[in-house]
Amino acid sequence: MYKTFYIKDVLQCREGSEVELIGWVRSKRRHGKLIFIDLRDSTGVMQVAVKQGIADESSFVKALEVGLESAIKVRGVVKRDPRAPEGVELHCNRLEILSESLDDFPIRKGVGLKFLLDNRHLHLRSPKVTTIMKIRANLMDIARRWLKENGFIEVNCPTFITAAVEGGATLFKVDYFGRVAYLTQSVQFYQEAAIYSLEKVYSLQPSFRAELSRTRRHLTEFWHLEVEMAYAELNDIMKVIEELIYAIVNGLSRESEKELRDLGRVVKPEIAEPPYPKIRYSEALDILQQKGVNISWGDDFGADEERILSKEFEKPFFVTHYPRETKAFYHMPDPGNPSVCLNADLLAPGGYGEIVGGGQRIHDYNLLVERIKENGLNVEDYKWYVDLRRYGSVPHSGFGLGIERMLWWLLQLPHIRSACLFPRTPTRVYP
RNA sequence: GCCGCCGUAGCUCAGUCUGGUAGAGCAGCGGGCUGUUAACCCGUUGGUCGGUGGUUCAAAUCCACCCGGCGGCGCCA
């Protein structure tokens, strides 16, 4: 390991101390006998001033000729200067090229969306993508910490599956040694099996949806934080969702404060402080009808409806008790009104829409079998899942949270794909 | 799957309606500049106009089909 000193460490150095930095040439401005190099590493950007007469002559020539994104090593003196971007710059004495760029770096100012996506492997080097990825890592870390502190055990579930959670139309089919298998779209069923030993579980792994969804909130591969909890009813799981979301927002506002500021975002814990408003489907319907939306009981909310609703709230809010026809078979019907189910969707405010979907599951064997048949599905396909209800079945609830959607909302990103390193959409599986 | 938009120089786009032999900015290259930070100034190279077929004396421009991409809907996290 020959790099132990980073750009962020320069900020701790006393003015006048001589340091050596390794990084990449992000940009360069030539002024004859003075050259500015913006040197980039994982911790930040440092302006390096290379002056003829101060730097040795061969270093000056190298600075003159070095291409963008070349890896270089510079030795110089730390100077405070209000004209430097971070208030600190390096006055170069010696510059060494570690690895020259073979061509002009393709990512420049003014390039378009398609070009950036086609060159995502290089676009990653931009400060904005770097910053988003740091926040993403913190988000996952904070979520894991909170779940662990609250007694949830992390489980890892299979990616290859045989039966769908939702139905079948949205699965990616793969050849499994001559048998048909699919890529998982949710690990919920496996977690429901796991609660009988671990009681409170979660997993953080990708889910796959083979939907030709062309919107700014859909990916074909996304990271899914799923939680399942034994002995939990609808209200219990909503409380977990609230507290988890709050922990994430609160944590990020502290631990990613600099990154959020760099993105121009102010994330205050108050925007996600529990309790969240909870409205039933029927109440949501009233709001929509008052707004003049032509919708009647039994219709599911579309994107337009979600957007209108979510503009009514300042905080994330739950919509519960959907008509059972609009939800998957495993949702628990409300014992007080079996035409609706005990589900809870969490919608982000400001038009961002659904970021969490969940609720209470059916734990009764006969009811589950009946609901599978009602949905025109084959009980045989769900044999092991139904089997769970035959041995000490208990009430339980869970939910799934889309990591990229959460970032999309918190960072107000233009598109959910900005929240991942190499986004996968119906038209993009490369690079 | 449905609806809409786009494809012209390495990149971002104008030119398409009203057909007449290809234009700008940036990048590159050459030169200049000791305080820039999307640096700037002068000069300059660069194009089978996404593909195929059709209409026409003549097609980047009009027509048909195809390919690729973007956005919206449905579906969802």
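What counts as what
- Residues numbered from 1 in each chain as written.
- Chains lettered and ligands numbered in written order.
- Predicted model: local features only at pLDDT ≥ 70, side-chain atom pairs only at ≥ 80, totals over all residues.
- Heavy atoms only, no water.
- Helix = DSSP H or I, 4+ residues; strand = E, 2+ residues; numbered from the N terminus.
- Buried < 20%, exposed > 50% of the residue type's maximum accessible area, 1.4 Å probe, protein only.
- Contact = heavy atoms within 4.5 Å.
- Areas by Shrake-Rupley, 256 points an atom, 1.4 Å probe, with all protein chains shown as cover.
- Phe/Tyr/Trp six-rings, centres within 6.5 Å; stacked < 30°, edge-to-face > 60°.
- Lys NZ or Arg CZ within 6 Å of the ring centre and 35° of its normal.
- Patch = residues over 30% accessible without salt bridge, like charges linked within 9 Å, V, L, I, M, F, W, Y side chains within 5 Å.
- Salt bridge = Lys/Arg side-chain N within 4 Å of Asp/Glu carboxyl O.
- Domains from an automatic or database assignment.
- Buried area = accessible area lost by both parts, 1.4 Å probe.
- Axes fitted to C-alpha atoms, helices over the stretch in contact; angles between N-to-C directions.
- Parallel < 35°, antiparallel > 145°, perpendicular 65-115°, else oblique.
- Left-handed = near helix turned anticlockwise from the far one by under 90°.
- Polar contact = N/O pair within 3.5 Å; in protein donor to acceptor, adjacent residues only side chain to side chain.
- Pairing = 2+ DSSP bridges.
- Near = heavy atom within 4 Å.
- Nonpolar A, V, L, I, M, F, W, Y, C, P; charged D, E, K, R; others polar.

(A) Highlighting the overall build of chain A. A tally of regular secondary structure across chain A gives 13 helices and 18 strands. Taking the principal axes of the C-alpha coordinates as reference, chain A spans close to 85 × 55 × 40 Å. Relative to its 431 residues, chain A shows a buried fraction of 51%. Pairs at least 24 residues apart make up 65% of the contacts formed inside chain A by residues separated by at least 6 positions. By element, 50% of the accessible surface of chain A is carried by carbon and sulfur atoms, the whole surface being about 21100 Å².

(B) Seen up close, the packing of aromatic side chains. Using the criterion set out here, one finds 18 aromatic pairs in the structure. Each ring, one from F313 and one from F317, has its centre 3.9 Å from the other, and the planes form 20 degrees; the classification is stacked. Taken individually, F313 and F317 each receive the classification buried, so the pair is uniform in this respect. One aromatic cluster is present, built from ring pairs that chain together F189, Y190, F329, Y330, Y382, W384 and Y385. Taking the ring centre of Y322 as reference, the NZ or CZ of K327 above it sits at 4.5 Å. Stacked on the ring of Y385, the Lys or Arg R389 has its end atom at 4.2 Å from the ring centre.

(C) A nonpolar patch on the surface, seen in detail. Taken together, F160, Y176 and F177 make up a surface patch of nonpolar side chains, about 380 Å² in accessible area. Summarising the element assignment, F177 is placed in the loop between β8 (173-176) and β9 (179-183).

(D) Summary view of the domain arrangement of chain A. As far as domains go, chain A holds domain 1 (3-99) and domain 2 (120-419). The gap between the C-alpha centroids of domain 1 and domain 2 is 46 Å. On the domain 2 side, the residues contacting the 6 residues of domain 1 number 4 residues. Of the roughly 390 Å² buried where domain 1 meets domain 2, counting both sides, 42% is carbon and sulfur surface. Among the residues domain 1 hides against domain 2, the three largest losses belong to R26, R40 and S42. Together they make up 63% of the total. At the surface where domain 1 touches domain 2, the tally comes to 1 salt bridge. For E69, the salt bridge is made with R125, and the minimal N-O distance between the two is 2.9 Å.

(E) Quick look at the packing of helix α5 (residues 127-149) against helix α7 (residues 234-255). Direction vectors running N to C along α5 and α7 enclose 135 degrees, while the axes themselves pass 9 Å from each other. With respect to each other, α5 and α7 are oriented oblique. The handedness of the crossing between α5 and α7 is right-handed. Facing α5, whose interface residues are I135, N138, L139, I142, A143, R145, W146 and L147, α7 presents V240, E243, L244, A247, I248, G251, L252 and E255.

(F) Expanded view of the side chain of S203. Examined against the element boundaries, S203 turns out to sit in strand β10 (residues 200-208). A polar side-chain atom of S203 sits 3.4 Å from a polar atom in the side chain of Q191. Sequence-distant contacts of S203, defined by excluding residues within four places in its chain, comprise V155, V187, Q191, H224, L225 and E226.

(G) Looking closely at the sheet that holds strand β13 (residues 317-320). An order of β6-β10-β11-β18-β17-β16-β13-β12 is seen for the 8 strands of this open sheet, with the pairing classed as mixed. Since the sheet does not close on itself, it has two edges, and those belong to β6 (153-154) and β12 (278-280), each with one partner. Across 2 bridges, the pairing between β6 and β10 is parallel. By the bridge assignment for β10, I153 is matched with V201. Sheet strands touched by helix α6 (residues 188-198): β6, β10, β11 (221-230) and β18 (396-402). Its angle to β11, the strand with the most contacts, is close to 35 degrees. Against the sheet, α7 makes contact with β11, β12, β13, β16 (343-348), β17 (353-360) and β18, and its axis sits at roughly 30 degrees relative to β18, the strand it touches most.

(H) Structural detail: the sheet that holds strand β3 (residues 44-51). The strand order around the closed barrel built from 5 strands is β1-β2-β3-β5-β4, with neighbouring strands paired in mixed fashion. Strand-to-strand twist of the sheet, defined as the mean angle between neighbouring strand axes without regard to direction, takes the value 55 degrees. Sheet analysis places strand β1 (residues 18-30) next to strand β2 (residues 34-41), joined by 6 bridges and oriented antiparallel. Considered in β2, the bridge of K28 is made with I37.

(I) The arrangement of the protein's contact with RNA strand B in detail. Near RNA strand B, the surroundings consist of 55 residues, among which R30, R209, R216, I355 and R405 are the closest. Take the atoms of RNA strand B that sit within 4 Å of the protein: sugar and phosphate atoms are 47% of them. Interatomic distance of 3.4 Å between a side-chain N/O atom of D300 and a phosphate oxygen of RNA strand B. One of the side-chain N or O atoms of R307 is found 2.6 Å from a phosphate oxygen in RNA strand B. Only β1, β2, β3, β5 (88-99), α3 (113-118), β11, α10 (303-310) and β17 provide two or more residues apiece to the surface near RNA strand B. Residue composition of the surface near RNA strand B, grouped by class: 15 nonpolar, 16 polar and 24 charged.

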